[in-house]
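The chain contents come next:
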Amino acid sequence: MARLRDSIDNIDAAVVHMLAERFKCTQQVGHLKARHQLPPADPTREANQIARLRQLAENAKLDPAFAEKLLNFIIAEVIRHHETIAAGEE
Ligand SMILES: C=C(O[C@@H]1C=C(C(=O)O)C=C[C@H]1O)C(=O)O
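As the structure is a prediction and not an experimental result, all values here were calculated from the model.

Definitions and cut-offs
- Residues numbered from 1 in each chain as written.
- Predicted model: local features only at pLDDT ≥ 70, side-chain atom pairs only at ≥ 80, totals over all residues.
- Helix = DSSP H or I, 4+ residues; strand = E, 2+ residues; numbered from the N terminus.
- Expected span 1.5 Å × (residues − 1).
- Buried ≥ 20, exposed ≤ 12 C-beta atoms within 10 Å, placed from the backbone.
- UniProt positions renumbered as here; feature names shortened; annotations may be inferred.

## Digging into helix H1 (residues 2-35)
Right, so step 1: Given a rise of 1.5 Å per residue, 34 residues ought to cover 50 Å, and the 50 Å separating the end C-alpha atoms of H1 matches this to within 8%.
Right, so step 2: Counting buried positions along H1 gives one out of 34 residues, so the element sits mostly on the surface.
Right, so step 3: Positive backbone phi, approximately 55°, marks Gln37, located one or two places after H1.

## A short note on the UniProt feature "domain: Chorismate mutase" (unreviewed entry) in the protein
Right, so step 1: Within the UniProt annotation, "domain: Chorismate mutase" (unreviewed entry) is assigned to residues 1-86.
Right, so step 2: In residues 1-86, the share of helix is 86% and the share of strand is 0%. The end C-alpha atoms are 47 Å apart.

The structure is reproduced here in structure tokens:
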């Protein structure tokens with residue numbers, strides 16, 4: 001079991017690092033949107049991402065509903081950041 005837990009720990013670390021990189025990109029998008037007075041949320045982009053992620057999840061034998069919930073959770077946090085950035089650049 002210790003070997004499995006070592007792998008779980010490595011995977012969790014990779015997830016954290018990947019999320020950190022993703023948030024670095026979304027922060028830059030937030031600044032671009034604020035500068036060009038674009039809204040924090042882009043529902044069309046979100047719908048495309050959700051459809052894509054659900055397909056990827058299905059192919060990977062991961063529950064697509066779980067993948068969608070996870071992406072929605074992350075996107076909600078990104079939108080919160082974008083609202084904060086927009087408020088600061090008013
Ligand atoms: C990052 C963006 O802003 C928001 C956050 C998204 C995300 O985290 O993937 C997607 C769409 C937007 O609602 C974007 O518009 O690309």
